[in-house]
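# Notes for the structure review
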Amino acid sequence: MEIRIFFTILLSTILINNYVLSRNLGICPFLGVSKRLDSALGMGLAVIFVMTLTSFITHPLYKYVLVEYNITYLITIVFILVIAALVQLVEMVIRKISPVLYQALGIFLPLITANCAVLGVALLNISSGFPDPNVDLGLLKSVVQGFGSGVGFTLALLIMAGIRERLELADVPENLKGVPITFLTAGLLALAFYGFSGMRI
Amino acid sequence: MLTTTLFLLGLGFGSAVMLAIASKVFYVWEDPKVAVVEETLLGANCGGCGYPGCSAAAAALVAGKAGANVCVAGGYEVALKIAAIMGQEVELKEPEIAYSSCRYNLVEADTRFIYSGVHDCRAAALYGGGPKECPIGCIGMGTCYRACPFGAISMSDYGLPVFDRKKCRSCGICVEVCPKDIIYLSSTTTRMTGDFRTDECTTPCQRACPSGINIPAYIRQISMGNYEEAIRIIKERCPLPLIVGRICPAPCEMDCRRTLVDQSVGINSLKRFVADYEMESGKRIYPFRAPENDKRVAVIGGGAQGLSAAYYLACLGHKPTIFESAGRLGGILRYVIPESRLPEKVVDWEIEGVLAAGAEAKTGKTIGKDFTINSLLRDGYGAVAFATGGIDSRQIMHGRGDVVQSIPGIYTLIDFLTVFSRQENFRTGGTVYIFGGGNSTLEAARICSGKGGKKITIIYPFKKQDMVSRGIKVDAAGREGIQFLFETVICGISGTGEELTGLSLIKEDCSVEEVAADTLIAATGRISDLIFVRPGNEDSRPDAWTTLASYAMNPDNRYDDIFNLNENGVFNDNLAVIRSIAKGRRMVRALHLFLNGKELEPQINQIKKWMKILNTKNIRGVNTNKRNIMQSNLTAASYCDPDVLFNSMEIGSGFSEGAATQEAGRCLDCGLVCYKKSAS
């Protein structure tokens with residue numbers, strides 16, 4: 001039973017409720033770091049890492065601090081602060097411990113300190129329990145949801161990067177070159193992912 | 001309200017303290033020089049240096065992993081600035097210019113289909129490699145031109161890229177971007193020391209030339225009247241064009257594609273024409289002169305091979321010294337070939353040219369008598385190159401009792417049997433290796449056992465059943481204690497002082513084994529083309545020397561042994577002067593890499609003789625036009641006079657300028673499959 005729920009969460013966050021293409025969060029890195037496949041992969045891995053970690057930290061913070069002191073209306077500002085500090089800390093640690101990992105992930109970390117997709121994961125972990133929206137999700141499921149969201153983000157980024165690498169070769173009309181064709185592509189991609197929303201799990 | 005304020009204050013303060021502590025604990029020291037150096041670099045992130053971007057290059061520079069000349073795009077000026085920051089000296093890097101050899105556009109080359117898609121080579125190449133028939137044909141849609149960050153590539157009206165030598169910064173972006181992989185970086189040094197590549201447009205005549213002269217290129221220059229450029233192109237691969245232009249058997253002309261129509265182009269006569277032009281002008285033309293360095297090389301032998309090796313070493317900035325045992329330089333060119341074919345003044349002019357390039361000559365000096373490998377290396381020569389070629393490294397003067405041995409402990413089988421084995425007091429070393437497989441080899445092995453040999457081993461490159469002397473004799477020799485190593489070759493010789501100490505063998509399973517040896521008897525005609533150097537640091541003996549894995553040495557190919565030196569997969573003899581020149585030129589590749597402290601690696605994409613290269617036998621639309629023949633200096637009266645024919649004068653007189661231009665116009669300017677369809 002448990003396993004099945006985790007699978008459902010993963011499938012939901014990766015395909016059906018894809019953060020970029022369904023919820024339209026994290027558009028900035030989606031458009032910014034999707035020119036080349038290898039940098040898109042690095043960015044995606046960094047996002048997976050940060051989203052998982054964020055879910056792990058913010059859930060107990062909410063449950064045991066904000067709710068206890070009855071200051072849940074501070075949730076947004078507190079989460080931003082915590083996530084930003086956390087990412088900075090992680091960047092420093094990685095840089096010291098593993099230069100190789102820093103080369104692969106580290107340069108992308110400052111880009112996502114205040115990324116809305118990361119904040120979105122933290123907030124949605126709280127507000128949309130699964131399967132019943134009003135029930136608390138629990139720490140483990142939160143972490144799985146954070147991980148799945150990151151994978152979904154990476155998937156969207158990789159697809160986009162793959163398309164954009166090919167777009168460079170394509171004969172794009174003059175006035176659509178650059179950002180416009182990218183937006184069009186993103187829109188069509190989102191439409192394609194919209195097809196998943198009819199899925200019954 | 002208070003709770004909120006306090007909480008946020010506390011959270012903010014807590015995070016700040018945590019980060020502050022973390023930044024101390026996890027502090028990573030970064031050299032401030034990295035930032036300064038990075039600013040000095042161009043910031044083009046071209047990757048020409050081999051590092052991923054300028055910041056990585058700057059980090060490598062400061063870490064000492066890269067030299068101040070790391071930035072190929074910035075060139076000398078940037079290198080100077082970096083050197084000033086780092087406090088280093090700059091070594092000038094020869095610029096490698098992007099180059100593509102395709103010369104026929106989409107209209108003139110044979111095509112398989114008409115492409116009308118996106119105007120980009122990469123897109124066109126997706127359709128079965130592009131419209132051209134030729135697998136290495138330029139598609140000509142300007143992908144490289146658009147990719148070049150320095151504006152060094154332009155597309156000519158003819159539809160092919162033109163590379164600007166001055167603007168090119170050797171970054172290699174065009175090499176990366178070209179979908180046909182036909183752009184590569186080429187410098188005069190790589191052309192002088194290298195061979196033709198599979199991604200290069202080559203013609204049958206070029207590939208037939210033992211030394212690989214770029215024949216269509218120089219004939220094109222002759223037809224345009226640029227004689228100096230033509231001679232420069234020839235001298236990239238052949239330093240003695242006056243001599244070669246007279247006595248070369250011209251295998252290129254046999255493979256000339258024009259023979260399919262009428263007669264071959266007079267390739268060699270054209271070479272003689274421009275070479276004569278150079279001699280008459282009195283101005284010497286060099287392909288390239290590198291800045292001088294103080295690396296000295298001893299070249300043993302002053303014949304065609306030695307002159308060729310010395311010439312290219314000198315052009316690359318090294319200091320070669322030619323040691324010649326005869327009184328004058330020239331070898332067979334001077335002492336064997338008759339005046340009527342090769343006048344002595346021609347030989348003199350060419351030798352003067354080699355010496356003027358920076359080579360030194362010591363004549364009347366014989367290796368083994370006046371000096372040895374070890375004494376040369378001790379005198380500060382970085383390498384000793386045996387370019388003894390056609391005459392030989394052995395200088396045995398029969399009857400004079402004057403036996404000179406060029407390499408300590410090494411005898412050719414014939415010398416051993418004719419001279420040494422008959423000397424009463426001659427003694428071999430204890431450990432004797434004999435390379436060969438004939439009856440005389442067994443004979444030599446038995447003689448050795450009576451002359452002091454204790455452990456005698458016969459090395460044979462092939463299987464036991466392939467031996468000439470097989471069966472009972474081999475078994476009998478085995479019973480006498482003579483050992484056999486089958487399918488084994490010798491890939492290196494090493495010694496200390498004036499003694500042979502060891503051999504490197506490539507065994508049956510391709511493993512390399514070092515064995516101790518005092519004497520080596522080789523069933524070969526001559527011992528030539530070896531390069532001796534001091535071994536690397538791991539060998540502490542001060543007088544040690546060893547052979548350098550030479551030009552064609554490839555450990556994957558176990559038959560590339562030192563007594564069967566071959567290049568392009570074909571055994572090279574000294575049958576023609578151009579072959580000796582080619583050997584000398586190719587030795588320089590190994591020498592140059594060694595002297596610059598680089599790894600000896602086989603050239604990438606090199607065309608080997610056994611490779612099947614695209615060709616065409618189908619020539620259409622070319623009018624027949626007979627070949628121009630050189631005028632003869634002979635008069636009707638002198639035809640019958642043997643003195644005149646053999647001694648007094650040169651018979652061929654060379655082309656007139658008109659005849660040369662006309663003959664150059666006959667060239668089809670071939671490519672792999674392309675040719676000039678409008679040729680006269």
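### Quick notes on the overall build of chain B
- The number of helices and strands found in chain B is 24 helices and 22 strands.
- Considering chain B as a whole, with its 680 residues, one finds that 53% of them fall into the buried category.
- For chain B, the proportion of contacts with a sequence separation of at least 24, taken over those separated by at least 6, is 67%.
- For chain B, the accessible surface area stands at approximately 30800 Å², while carbon and sulfur atoms represent 53% of it.

### A look at the packing of helix α3 (residues 37–66) of chain A against helix α7 (residues 139–167) of chain A
Residue and element names in this part refer to chain A.
- Between α3 and α7, the least distance of the axes is 8 Å, while the angle of their chain directions is 165°. If you check the angle between α3 and α7, you find them roughly antiparallel. Every pair of crossing elements has a handedness; the one defined by α3 and α7 is right-handed.
- Its residues assigned to classes, the contact of α3 with α7 shows 18 nonpolar, ten polar and one charged.

### Comments concerning the side chain of Thr189(B)
- Within the secondary structure layout, Thr189(B) lies in helix α8 (residues 188–193).
- With near-sequence residues (within four places) excluded, Thr189(B) lies in contact with Glu94(B), Phe288(B), Leu316(B) and His592(B).

### Describing the sheet that holds strand β7 (residues 360–363) of chain B
Residue and element names in this part refer to chain B.
- Judged by pairing direction, the sheet is mixed, and its nine strands sit side by side in the order β7-β6-β5-β8-β19-β20-β15-β16-β17 without closing on themselves. In this open sheet, the two strands that pair with only one neighbour each are β7 and β17 (512–516). Each strand axis lies, on average, 20° off the axis of its neighbour in the sheet, ignoring direction.
- Relative to strand β16 (residues 499–506), strand β15 (residues 489–496) is paired through seven bridges, and the arrangement is antiparallel. Its bridge partner being in β16, Gly-492 is matched across the sheet by Ser-504.
- Sheet contacts for helix α15 (residues 304–315): β5 (296–300), β6 (319–324) and β8 (383–386); angle to β6, the most-contacted strand, approximately 165°.

### A word on the interface of chain B and chain A
- With 18 residues of chain B in contact, the opposing surface of chain A contributes 19 residues.
- Together, the buried faces of chain B and chain A total about 1700 Å²; carbon and sulfur atoms form 82% of this surface.
- On the chain B side of the contact with chain A, Phe7(B), Leu19(B) and Phe26(B) bury the most area, a combined 30% of that side's loss.
- Counting across the chain B and chain A interface gives one residue pair in polar contact (both at pLDDT 80 or more).
- Per-element tally for the side of chain B that touches chain A: the top contributor is helix α1 (residues 2–25) of chain B, with eleven residues.
- Taken together, the residues of the side of chain B that touches chain A sort by class into eleven nonpolar, four polar and three charged.

### Comments concerning the confidence of the model for chain B
All names here are of chain B.
- Chain-level statistics for chain B give a pLDDT mean of 83 and a share of 89% at 70 or above.
- Segment residues 396–400 is flagged for pLDDT under 50; beyond a separation of four residues in sequence, or across chains, it makes nine contacts in the model.
- With pLDDT under 50 throughout, residues 566–571 is counted as low confidence; its partners more than four residues away or in other chains account for 21 contacts.

### A word on the packing of aromatic side chains
Residues and elements named next belong to chain B.
- Considering all chains together, one arrives at 16 aromatic pairs over all chains under this definition.
- Between Phe-323 and Phe-371 the ring centres are 4.6 Å apart and the planes differ by 50°, which places this aromatic pair in the tilted class. Taken as a pair, Phe-323 in strand β6 and Phe-371 in the loop between β7 and α18 (373–378) lie far apart in primary sequence, 48 residues in all.
- You can call Phe-371 buried: its relative accessible area is 8%.
- Taken together, the ring pairs in this structure connect Tyr-227, Phe-273 and Tyr-277 into an aromatic cluster.

### Description of the domain arrangement of chain B
- What the domain assignment reports for chain B is domain 1 (27–93) and domain 2 (97–186).
- Taking the mean C-alpha position of each, domain 1 of chain B and domain 2 of chain B sit 31 Å from one another.

### A few points about the nonpolar core
- Grouped together as the largest cluster of nonpolar side chains are 78 residues, with contacts concentrated most on Ile215(B), Tyr218(B), Ile219(B), Ile243(B), Leu270(B), Leu333(B) and Ile531(B).
- The dominant element in this core, judged by the number of residues it contributes, is α15(B), at nine residues.
- When near neighbours in sequence (up to four residues on either side) are disregarded, Leu270(B) contacts Tyr218(B), Ile219(B), Ile222(B), Val265(B), Phe655(B), Ala660(B), Glu663(B) and Ala664(B).
- Listed in part, the 49 residues of the second largest apolar core include Val33(A), Val118(A), Ile126(A) and Met160(A).

The rules behind the values
Residues numbered from 1 in each chain as written. Chains lettered and ligands numbered in written order. Predicted model: local features only at pLDDT ≥ 70, side-chain atom pairs only at ≥ 80, totals over all residues. Heavy atoms only, no water. Helix = DSSP H or I, 4+ residues; strand = E, 2+ residues; numbered from the N terminus. Buried < 20%, exposed > 50% of the residue type's maximum accessible area, 1.4 Å probe, protein only. Contact = heavy atoms within 4.5 Å. Areas by Shrake-Rupley, 256 points an atom, 1.4 Å probe, with all protein chains shown as cover. Axes fitted to C-alpha atoms, helices over the stretch in contact; angles between N-to-C directions. Parallel < 35°, antiparallel > 145°, perpendicular 65-115°, else oblique. Left-handed = near helix turned anticlockwise from the far one by under 90°. Nonpolar A, V, L, I, M, F, W, Y, C, P; charged D, E, K, R; others polar. Pairing = 2+ DSSP bridges. Buried area = accessible area lost by both parts, 1.4 Å probe. Polar contact = N/O pair within 3.5 Å; in protein donor to acceptor, adjacent residues only side chain to side chain. pLDDT = per-residue confidence, 0-100. Phe/Tyr/Trp six-rings, centres within 6.5 Å; stacked < 30°, edge-to-face > 60°. Domains from an automatic or database assignment. Core = buried A, V, L, I, M, F, W, Y, C linked by side-chain atoms within 4.5 Å.

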